[in-house]
Amino acid sequence: MSNTTTDSAETVDAVGLVFHVDLLILAVAAVFALATLPRAFARFSRGTEWQTGYILRSTRLDYRQPRRPPPLRSPPTPAEKPTPMPPEEPHVASSAGHEAVTSEESHTCVSHTQLIRRPSTRKAAAKLLPPHVRSWSAVLPPVGNLLRYRLDSGFSLGQALVLGLYSAILVYPVFFQSEPFTDPLRTGFVAMSQIPLVYLLATKNNLLGMILAVGYEKLNYIHRYAGMVLVLLSNVHTLGYIYEWASEGQLAAELKMPQRMWGLVALVALDIIYFFSTPFWRSKAYNIFFGSHIICFIIFLPTVYAHQPVVLPYVLAAAAAYGLDHILRLLKTRLFHGRIRPIPDLSMTRIEIPELNAGWRPGQHVRIRVLSTAMGWIGWAEVHPFTMASVVKTPEGLVLLCKNVGGWTRKLYEMAKVAGYGSEDGGMSRSVLIMVEGPYGGPGHSVFASYSAAMFIVGGSGITFALSALQNLVRVDLEGASRVKVIELVWCVQDPSSLTPLLPQFTALLQQSTYTPLHITVHYTRAAETLPSKASLPPGITLTAGRPRIGKVLDAVLQRTMSYGSGVKASMDITGVIVGVCGPVGLGDEVAQVVSSVDPSRRWAVGGIEIHEE
């Protein structure tokens, strides 16, 4: 920036103008926050919601022998009758064709029936049911369908409208009684006013996401766009003054001034950030992208202050957001020894941390560092996010399934293979020191157990999200704290052998879902020489070739939702269908299109359809 001012700058208080623009942006964010309050009140009306989703912790497990009260629905037919679960030891999950399969042998979670606390009366059960408040997309289906319409892969019309509104707000201070190329001071002030927003949205624990109950990853598109706006305005500001000084023959003299030199350093830092933020660097050399971000972010704040001291409030606000984020990261970080094992059929590494067994919600993820020299000179310091594949308060604790897709995960997989797990002699797992940070993300104010039906469509490693959600739904249903009548899982994989490692866990979940029907369909897209025999698949699991017909599956779920239910659930209002998606971007686009095409009468009959994308 420069102390030079134009006639328009003398008539308009630029500092005051951009400050009021920031207040307007805050007001818009407050409107979105107010829209989430009804669901927030419903969620936090249950005391347990205050204890999960924020801090990972260890808790003592309260083992109880399972109790089998009279079923709350009509007696099942012989084909539907579940296999009784004997009171075995906690580490044993009995399943058809997999007797006495332990957690280590099946790569899966243990049975949770020893933790069941089932109310004995319908009146008591009704009090445990979670309250349900429909989202605005379910209240106003035409608006919801319009907002989720995909303009590009992974980019919806709703996101475009948010960015458009943000752009419209900034256009006003840039052009109000000003011309960007003849009044470069104004563009500098507008750029300055966006520094706190860019830094805030770059953090993992940002206040905006907390207020809106939205994970940082869902707000990242605004961060990228606001960052581009900051870079654009800063370059226009600089080029405007360079042109002005060159026209007056003062360019060399002006650039020798320390204030101008610091401004150029700040601009170079911004341009480096932008250059290394392009898709090429993010996908091909993520460490360079990440490292340049951190270094230049730190350089930018003091240099922009040295360039123009009037930006001090904005610099302090950005530094406060950055500092608060790192304080919260430190509070959310835990250091434990975990067990790692390879799962060859899934090309994944399984991580178990038994001592860390509480504090997260289904769908949330953690960021981990594996502190081992086997990860390489830099690998031990790298941080990678993974979705939890387990439910809280189980003997195996926190479980992660890490797909072998890159250099870091490949080293982790090779390190796990050294332990010999999966060999014919039943080798042992390997213990490593792991730094766990989180939890982050998740379903926000949505409570899956408050819907009448839950449908999960996942691809490949997205099964981790579904596993956590399914285990939680089955558990709360056994405790009488679920409204869900129908649970459907559709898993898309390339190789049908991917089903084998998770078959014992799927079987256990089917046996435990005694009050709510659970159906699992696995679709494979690659031809295989051998397929699991139908005799080895328990009732409730289907293995099918080809891509799933999502519309047909959703239609069946809607039909079952309207017809199923007995006991307490039969007397309940239908509270809608939640569709959870996790996998490739194209899968989410397809599901959004299918949900939007549902007939309005059927949508109304089930109480609305909502989508949660991980």
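Residues numbered from 1 in each chain as written. Predicted model: local features only at pLDDT ≥ 70, side-chain atom pairs only at ≥ 80, totals over all residues. Heavy atoms only, no water.

K.L.:
Describe the nonpolar core, naming the residues involved and giving the relevant values.
P.N.:
Nonpolar side chains tend to gather and get buried jointly when the protein is soluble and globular. If you look at the biggest cluster of nonpolar residues, it comprises 47 residues, and the most contacted ones within it are Tyr166, Leu170, Ile195, Tyr199, Phe300, Leu301 and Val304. Per-element accounting of this core gives the leading share, 9 residues, to helix H12 (residues 220–248). One finds Ala469, Tyr515, Leu518 and Leu543 within the second-largest nonpolar core, a separate group that totals 45 residues. (Core = buried A, V, L, I, M, F, W, Y, C linked by side-chain atoms within 4.5 Å. Buried < 20%, exposed > 50% of the residue type's maximum accessible area, 1.4 Å probe, protein only. Helix = DSSP H or I, 4+ residues; strand = E, 2+ residues; numbered from the N terminus.)

K.L.:
If you had to explain the packing of helix H16 (residues 286–307) against helix H17 (residues 312–331) to someone new, which residues and values would you point to?
P.N.:
Their axes nearest at 9 Å, the elements H16 and H17 cross at an angle of 155 degrees. Accordingly, the angle class assigned to the pair H16 and H17 is roughly antiparallel. In this structure, H16 crosses over H17, and the sense of that crossing is left-handed. Within the contact between the two elements, H16 uses Ile294, Leu301, Val304 and Tyr305 and H17 uses Leu312, Val315, Ala318, Ala319 and Tyr322. In the contact of H16 with H17, the residues fall into 9 nonpolar, no polar and no charged. (Axes fitted to C-alpha atoms, helices over the stretch in contact; angles between N-to-C directions. Parallel < 35°, antiparallel > 145°, perpendicular 65-115°, else oblique. Left-handed = near helix turned anticlockwise from the far one by under 90°. Contact = heavy atoms within 4.5 Å. Nonpolar A, V, L, I, M, F, W, Y, C, P; charged D, E, K, R; others polar.)

K.L.:
Give a detailed account of the sheet that holds strand E15 (residues 577–582), specifying residues and quantitative values.
P.N.:
By way of backbone hydrogen bonds, the strands of a sheet pair with one another, either parallel or antiparallel. Taken together, the 6 strands give an open sheet; going across it, the order is E14-E13-E12-E11-E15-E16, and neighbouring strands pair in parallel fashion. The open sheet has two free edges, formed respectively by strand E14 (541–545) and strand E16 (609–613), since each of these has just one partner strand. For this sheet, the mean angle separating the axes of adjacent strands, direction not counted, is 15 degrees. Inspection of the sheet shows strand E12 (residues 486–493) paired to strand E13 (residues 518–524) by 7 bridges, in the parallel sense. Across the sheet, the residue bridging to Val490 is Thr521, located in E13. The sheet strands contacting helix H21 (residues 550–563) are strand E11 (453–459), E12, E13, E15 and E16, and the helix crosses E12 at an angle near 165 degrees. (Pairing = 2+ DSSP bridges.)

K.L.:
Account for empty space enclosed by the protein, with residues named and values stated.
P.N.:
Counted under the stated rule, the structure contains 4 cavities of 30 Å³ or more. Taken as a whole, the second largest cavity spans an internal volume of roughly 90 Å³. Lining the second largest cavity are 13 residues, with Pro131, Val133, His445, Val447 and Ser450 positioned closest to its centre. A per-class count over the lining of the second largest cavity returns 6 nonpolar, 4 polar and 3 charged. (1 Å grid on protein atoms, 1.4 Å probe; cavity = no way out; pocket = protein on both sides within 12 Å on 5 of 7 lines; lining within 4 Å. Points joined across faces, edges and corners; volume = space filled by probe spheres on them.)

K.L.:
Tell me what's going on with the pattern of salt bridges, and back it up with residues and numbers.
P.N.:
The tally for this structure, following the rule as stated, stands at 18 salt bridges. For Glu590, the salt bridge goes to Arg547, with nearest N and O atoms at 3.0 Å. Of the two residues, Glu590 is situated in helix H22 (residues 585–596) and Arg547 in the loop between E14 and H21; the sequence distance between them amounts to 43 residues. By relative accessible area, Arg547 is classed as exposed at 56%. The partner of Arg602 in a salt bridge is Asp555, and the shortest N-O contact between them spans 3.1 Å. With Arg602 in helix H23 (residues 600–605) and Asp555 in helix H21, the pair connects residues that are 47 residues apart, well separated along the chain. (Salt bridge = Lys/Arg side-chain N within 4 Å of Asp/Glu carboxyl O.)

K.L.:
Quick rundown of helix H20 (residues 499–512)? Include the residues and the values.
P.N.:
Residues spaced three or four apart along an α-helix face the same direction, because each turn holds 3.6 residues. The end-to-end C-alpha separation of H20 is 19 Å, in line with the 20 Å expected for 14 residues at 1.5 Å each. Along its length, H20 reaches its greatest deviation from straightness, about 30 degrees, at Gln505. Buried residues dominate H20, accounting for 13 of its 14 residues. (Expected span 1.5 Å × (residues − 1). Bend = angle between axes of the 7 residues up to and from the residue.)

K.L.:
Explain the pairing of strand E10 (residues 430–441) to me, using residue names and the numbers behind them.
P.N.:
As defined by bridge partners, strand E5 (residues 333–343) adjoins E10 across 8 bridges and the pair is classed as antiparallel. Paired with Ile340 across the two strands is Arg430, which belongs to E10. Sheet analysis places strand E7 (residues 364–370) next to E10, joined by 6 bridges and oriented antiparallel. Pairing of His365 across the sheet is with Tyr440, part of E10.

K.L.:
Give me the lowdown on a nonpolar patch on the surface, citing residues and values where you can.
P.N.:
A surface patch of nonpolar side chains, about 530 Å² in accessible area, is lined by Trp136, Val139, Leu140, Val143, Leu147 and Leu161. Sorting the residues of the nonpolar patch by element identifies helix H6 (136–139) and helix H7 (141–147) as the ones contributing at least two each. Mapped onto the fold, Leu140 is located in the loop between H6 and H7. (Patch = residues over 30% accessible without salt bridge, like charges linked within 9 Å, V, L, I, M, F, W, Y side chains within 5 Å. Areas by Shrake-Rupley, 256 points an atom, 1.4 Å probe, with all protein chains shown as cover.)

K.L.:
Explain the sheet that holds E7 to me, and be specific about the residues and the numbers.
P.N.:
Spatially, 6 strands are ordered E8-E7-E10-E5-E6-E9 in an open sheet, and the strand pairing comes out antiparallel. Looking along the sheet, the strands with just one partner apiece sit at the ends: strand E8 (384–387) and strand E9 (398–403). Pairwise comparison of adjacent strand axes, ignoring direction, gives a mean angle of 40 degrees for this sheet. Of the pairings in the sheet, the one linking E5 to strand E6 (residues 348–353) comprises 5 bridges and is antiparallel in character. Following the sheet pairing, Arg339 is matched in E6 by Glu352.

K.L.:
Would you mind going over the environment of Gly154 in detail, with residue names and values included?
P.N.:
Here Gly154 is to be found in the loop between strand E3 (150–152) and strand E4 (155–156). The sequence separation of Gly154 and Asp589 amounts to 435 residues, and the corresponding C-alpha distance is 6.5 Å. With near-sequence residues (within four places) excluded, Gly154 lies in contact with Gln159, Val585 and Asp589.

K.L.:
Which residues make up the packing of aromatic side chains, and what values do they have?
P.N.:
Counting across every chain of the model gives 17 aromatic pairs. Ring geometry for Tyr166 versus Tyr225: centroids 6.1 Å apart, planes at 70 degrees, classification edge-to-face. Pair noted here: Tyr166 is in helix H8 (residues 157–175) and Tyr225 is in helix H12, with a separation of 59 residues, a long-range link. The class of Tyr166 is buried, set by a relative accessible area of 8%. Clustering of aromatic rings is evident, with ring pairs tying together Phe275, Phe276, Phe280 and Trp281. (Phe/Tyr/Trp six-rings, centres within 6.5 Å; stacked < 30°, edge-to-face > 60°.)

K.L.:
Residues and numbers for the side chain of Arg260, please.
P.N.:
For Arg260, the location among the structural elements is in helix H14 (residues 258–275). On the accessibility criterion, Arg260 (8% relative accessible area) is buried. Within the structure, Arg260 has its side chain in polar contact with the side chain of Glu254 (distance 3.0 Å). (Polar contact = N/O pair within 3.5 Å; in protein donor to acceptor, adjacent residues only side chain to side chain.)

K.L.:
If you had to explain the environment of Met455 to someone new, which residues and values would you point to?
P.N.:
Of note, Met455 is situated in strand E11. Under the relative-accessibility criterion, Met455 is labelled buried at 1%. As for Met455 and His519, which are separated by 64 residues in sequence, their C-alpha atoms are 9.7 Å apart. The residues touching Met455, leaving out its near neighbours within four places in the chain, are Glu488, Ile550, Val553, Leu554, Val557, Ile578, Val579 and Gly580.

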